[in-house]
Amino acid sequence: MTHSSAKPNRIKRILSAFLAVLLLASLVLPVLGSVGEDAYVNDDAINVRSGPGASYSSVQFGKSKAIRLYRGQYVKIIATEKGPDGASWYQIVFTYNGYTKMGYMRSDFVTRIGDDSAYQAYLTEQGFPKTYQPYLRALHAASGGQWTFVAYHTGLKWSDALENESTLGRALIHGNYGTALRSTAPGAYDSKTGQWKEYEPDWYAASRQTVAYYLDPRSYLTDGTCIAFEQLSGGEDVTHAQLKKVLADCAWATDAIIDEFIKAGSQEELEKAKQTELKRLRSEGKTEAADRLEAVTVSGVSPIFLAVKARSEIGTSSTKNATGYLLSDGKKYYNFFNIGAYGGSDPNYNGILYAQSKGWDTSYKALLGGAWFIFRNYIEAGQDTQYLQRFNLTPQYTYAYQYATDITYAYQGGWSTYESYVKNGLADTALTFSVPILENMPAVTKLPTSAQEDEYTPDPDPEPDPDPKPDPDPKPDPDPDPEPPTTYDYVSGLKLRLSDSYLSGFTLGTPVKTLIAQIKAVNPDAAVTVTDGSGKAVSDSALVSTGQVLTIRDAAGTYTYTCVVYGDANGDGRIAATDLLAVKKHILGVRTLTGAYARAAQLSGSKIAATSLLAIKKHILGTTPIVQK
Ligand SMILES: [Ca+2]
């Protein structure tokens, strides 16, 4: 008896040593540690269920947000099960905001990567660390091989970059993101009063962990957000047919103009623009500026980037910005990028006056002038991706000349560019991505959360425990069969609309006290609070506004919603000229609208563009009121 048990024990010891090594390996990056098949999600916004079927609840992030995965997301298939619907479901492990999660997805939304050893060899040759590679393989495969990833070795130490980028005041996070992402460092937070310092209205210092998450290039590699790494320079091989697709729904995009976009983005033409500019500076005696410009190496500007920018600036309808705006000097002027179009009662007209001052009296002059402006403002210093514009990891002016303090700038920019590509059938266009690599990076970075986030840990012990220890102190259930509390559907009761955690459909100009009364009419026992974006309670007489957080507590639970009033981009509950200004600033890239505020400005489809401005104008003029959908 005693002898016979010796051998299995020894095997078990060896096995557990082996498993300990496996477990250690899994601590490095749990998704990679799991045993399974490499695969990717092949479509956008796919639900992840807690069991093999659509009737199972969604897997949550932050205990409130249903996780959806997008095309190109790397997943590991660890099992296959039949659902009650007869469909086959995969049990998958994946990374979400840096956390390892597990759930089920219907098998037709998941594609196995298969044998891509040649591509893996390419990634290794590029010098991509192991922790980047699964994500890049998934994105590459999901694009049908159209997306090319090139390593950008910054030579910078991760710890130095993080130190610099998290300098207090250099990285801000909007109030919508909740306090978990804010810095509690002295100066940013007063622990005596519990007050956060507002660096700008409703903008707070981001914590070091928040900065780490957004600085980490891998955070952008789970889906189309990776467009933050799209190279804005180059693009010499973009064809007329490809660009025609980008501008397909633009009434102003004639074949001639499409060719002009391609020409205006070329290095050769931009070199000419540089010489013209040099001549002007020298003739004006601006020697210093001319000398600085002389030293600039000109690269091409991707025509796709130019086209996407133009369509977001001037929209898709026929516009005089593209067909020529006749001024009193008898000439027509053009402005495809709304350069100089701000201020006054008619910003667009100011843009035309700017075009006149630059002599843009043909469409091509305006395109080349615009491309030159974009080159100088976006690409010149080597900051030729949205990511590098936010985090200047280039050798020139490292950590300086960053385009935004918003820590999510590149993340949001990458995602919204992806959305516009998808909308225009461009997701499978040949694109080149320059992905930064830092030295001594941590295995993983995670977006901070307000509560402990549940994570999946691969089971290191495939053997079932033969002798499970009984629960040492089983607590008697005090009430074995409690009456479940009534669940109220406040959203339908109030005829509102819930999308993600955003609540909309309020009648414009509803006072907060009226909203509270309406909720109490559904359930008199509900406790209701409404706070502004910074967490301060709002007065009863305030209007229901974009960015307000509505919390309803009842016996069944706590429901938290962020309010969206369409057209109210600045969050005062009214639709007025100040909202036009907020949207304009967003479009110009001066001040990015995020969260509820961004939603409030999405008045036609999912983008914020000239059409949003027009809709707000029409509302203010009383011609077409904005619908609270
Ligand atoms: Ca407003």
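Please read these numbers as outputs of a predicted model, since none were measured by experiment. (Residues numbered from 1 in each chain as written. Predicted model: local features only at pLDDT ≥ 70, side-chain atom pairs only at ≥ 80, totals over all residues. Heavy atoms only, no water.)

Asks: Give me the overall build of the protein: which residues, what numbers.
Replies: Within the protein one finds 21 helices and 22 strands. The C-alpha atoms of the protein give 28 Å as radius of gyration, which agrees with the globular expectation for 629 residues (25 Å, within 12%). With the principal axes as the frame, the protein shows a C-alpha extent of 105 × 65 × 55 Å. A burial count over the protein gives 47% of its 629 residues as buried. Taking the intrachain contacts of the protein between residues at least 6 apart in sequence as the baseline, contacts between residues at least 24 apart amount to 68%. Entry remark: accessible area of the protein is about 30,100 Å², with carbon and sulfur atoms responsible for 54%. Once the 61 positive and 67 negative side-chain charges of the protein are each reduced to a mean point, those two points are 4 Å apart. (Helix = DSSP H or I, 4+ residues; strand = E, 2+ residues; numbered from the N terminus. Rg over C-alpha atoms; globule rule 2.2 N^0.38 Å. Buried < 20%, exposed > 50% of the residue type's maximum accessible area, 1.4 Å probe, protein only. Contact = heavy atoms within 4.5 Å. Areas by Shrake-Rupley, 256 points an atom, 1.4 Å probe, with all protein chains shown as cover. Lys, Arg positive; Asp, Glu negative; His and termini not counted. Charge placed at Lys NZ, Arg CZ, Asp CG, Glu CD.)

Asks: Before we move on, could you go through the coordination of the calcium ion and cite the residues and values that matter?
Replies: For the calcium ion, every protein donor is listed as Asp568 (OD), Asn570 (OD1), Asp572 (OD), Arg574 (O), Asp579 (OD) and Asp579 (OD), and the spread of their distances is 2.3 to 2.5 Å. Coordination geometry of the calcium ion: the 6 donor atoms subtend angles of 53 to 170° at the metal centre, consistent with an arrangement described as irregular. Read N to C, the donor residues that coordinate the calcium ion are spaced as D-x1-N-x1-D-x1-R-x4-D. Judged by its relative accessible area of 31%, asparagine 570 is partly exposed. (Donors = N, O, S within 2.8 Å, 3.2 Å for Na, K, Ca; no water. Tetrahedral: all angles 85-135°; square planar, octahedral: opposite > 155°, others 65-115°.)

Asks: If you had to explain the pattern of salt bridges to someone new, which residues and values would you point to?
Replies: All chains considered together, the criterion is met by 22 salt bridges. Here lysine 331 and aspartate 361 are joined by a salt bridge, their closest N and O atoms 3.7 Å apart. One end of the pair, lysine 331, is in the loop between strand S15 (325-326) and strand S16 (332-333); the other, aspartate 361, is in the loop between helix H13 (347-358) and helix H14 (363-379), with 30 residues separating them in the sequence. A relative accessible area of 41% means that lysine 331 is categorised as partly exposed. For aspartate 361, a relative accessible area of 23% translates into the label partly exposed. (Salt bridge = Lys/Arg side-chain N within 4 Å of Asp/Glu carboxyl O.)

Asks: How would you summarise H13 if you had to cite specific residues and measurements?
Replies: Between its first and last C-alpha, H13 extends 17 Å over 12 residues, near the 16 Å set by a 1.5 Å rise per residue. Looking at the buried residues of H13, the elements they touch are helix H12 (320-323), S15, S16 and helix H19 (577-588). A positive backbone phi angle near 75° is found at glycine 359, which sits one or two residues after H13. (Expected span 1.5 Å × (residues − 1).)

Asks: For the sheet that holds strand S18 (residues 497-499), give the residues involved together with the corresponding values.
Replies: Pairing between the strands of a sheet is mediated by backbone hydrogen bonds and can be parallel or antiparallel. On the basis of which strands lie adjacent, the open sheet formed by 5 strands has the order S18-S19-S22-S21-S20 and mixed pairing. A strand with exactly one partner marks an edge of an open sheet, and here the two such strands are S18 and strand S20 (527-531). Within the sheet, the average angular offset between the axes of one strand and its neighbour, ignoring direction, is 30°. (Pairing = 2+ DSSP bridges. Axes fitted to C-alpha atoms, helices over the stretch in contact; angles between N-to-C directions.)

Asks: Explain the pairing of strand S6 (residues 74-82) residue by residue, including any values.
Replies: Bridge count between strand S1 (residues 37-41) and S6: 4 bridges; the pairing is antiparallel. Counted as the bridge partner of alanine 39 is valine 75 from S6. Pairing analysis gives 7 bridges linking S6 to strand S7 (residues 88-96), with the strands arranged antiparallel. Paired with isoleucine 77 across the bridge in S7 is isoleucine 92. In this structure, the hairpin formed by S6 and S7 is closed by a connection of 5 residues, where glycine 86 is found at a positive phi of approximately 85°.

Asks: Which residues make up the pairing of S1, and what values do they have?
Replies: Two strands pair when backbone bridges link them, and S1 and strand S9 (residues 110-112) are joined in this way by 3 bridges, in the antiparallel orientation. Bridge pairing in S9 links valine 41 to valine 110.

Asks: Any chance you could break down the packing of aromatic side chains for me, citing the residues and the numbers?
Replies: Summed over the entire model, instances satisfying the criterion amount to 26 aromatic pairs. A centroid spacing of 4.2 Å and a plane angle of 45° characterise the contact between tyrosine 189 and tryptophan 196, whose relative ring orientation is tilted. Here the aromatic rings of phenylalanine 229 and tyrosine 387 are separated by 5.3 Å at their centres, their planes lie at 55°, and the arrangement is tilted. Remark: tyrosine 387 occurs in helix H15 (residues 386-390) and phenylalanine 229 occurs in the loop between helix H6 (208-215) and helix H7 (240-246); sequence separation between them is 158 residues. Each member of the pair phenylalanine 229 and tyrosine 387 is classed as buried. Pairwise contacts between aromatic rings join Tyr213, Tyr214, Tyr220, Phe229, Tyr387, Phe391 and Tyr411 into one cluster. Taking the ring centre of tryptophan 196 as reference, the NZ or CZ of arginine 182 above it sits at 5.2 Å. (Phe/Tyr/Trp six-rings, centres within 6.5 Å; stacked < 30°, edge-to-face > 60°. Lys NZ or Arg CZ within 6 Å of the ring centre and 35° of its normal.)

Asks: With reference to specific residues and values, describe the environment of valine 75.
Replies: Secondary-structure assignment places valine 75 in strand S6. Those residues within four positions of valine 75 in sequence are excluded, and the remaining contacts are Glu37, Asp38, Ala39, Tyr40, Val41, Leu69, Ile92, Val93, Phe94 and Val110.

Asks: Just give me the short version of the side chain of aspartate 202, but keep the residues and values in it.
Replies: The residue aspartate 202 is located in the loop between strand S13 (195-196) and strand S14 (203-205) in this model. No salt bridge is formed by the buried aspartate 202. Its closest oppositely charged neighbour is arginine 182, at 5.0 Å. In this structure the side chain of aspartate 202 is engaged in a polar contact, spanning 3.1 Å, whose partner is the side chain of tyrosine 204. For aspartate 202, the residues in contact, after removing those within four places along its chain, are Ile173, His174, Gly175, Gly533, Ser534 and Tyr597. (Polar contact = N/O pair within 3.5 Å; in protein donor to acceptor, adjacent residues only side chain to side chain.)

Asks: Which residues make up unusual backbone geometry, and what values do they have?
Replies: Within the chain, alanine 45 stands out as a residue other than glycine whose phi angle is a positive 60°. With respect to the helices and strands, the residue alanine 45 is situated in the loop between S1 and strand S2 (46-47).

Asks: Run through the side chain of threonine 210, naming residues and quoting values.
Replies: By the secondary structure assignment, threonine 210 is in helix H6. Within the structure, threonine 210 has its side chain in polar contact with the side chain of serine 207 (distance 2.8 Å). Filtering out sequence-adjacent residues up to four positions away, threonine 210 remains in contact with Ile173, Leu181, Ile407 and Pro448.

Asks: Go over the nonpolar core with me, naming the residues and quoting the values.
Replies: Judged by nonpolar contacts, the single largest core of 104 residues is most densely connected at Phe149, Trp252, Phe261, Phe336 and Leu393. The greatest single-element share of this core, amounting to 10 residues, is contributed by H14. When near neighbours in sequence (up to four residues on either side) are disregarded, phenylalanine 149 contacts Tyr119, Tyr122, Gln126, Phe128, Leu136, Leu139, His140, Cys226, Phe433 and Val435. In terms of nonpolar packing, the next biggest core, distinct from the first, is built from 21 residues, Leu515, Leu550, Tyr561 and Cys563 among them. (Core = buried A, V, L, I, M, F, W, Y, C linked by side-chain atoms within 4.5 Å.)

Asks: An account of the sheet that holds S9 is needed here, citing residue identities and associated values.
Replies: What the 5 strands build is an open sheet, ordered S8-S7-S6-S1-S9; its pairing is antiparallel. Unpaired on one side and paired on the other, strand S8 (99-106) and S9 mark the two borders of the sheet. Ignoring strand direction, the axes of neighbouring strands in this sheet form an average angle of 40°.

Asks: Requested: an account of helix H21 (residues 610-621), with residues and values cited.
Replies: Between its terminal C-alpha atoms H21 stretches 16 Å, which fits the 16 Å expected from 12 residues at 1.5 Å a residue. Looking at H21, one finds that the buried residues are Ser612, Leu613, Ile616 and His619. Burial along H21 is one-sided: seen end-on, the buried residues are contained in an arc of 125°. For H21, the elements touching its buried residues are H19. Downstream of H21 by one or two residues, glycine 622 has phi in the positive range, about 85°. (Arc of directions from axis to C-beta.)

Shape is all these values report; function is a separate question.
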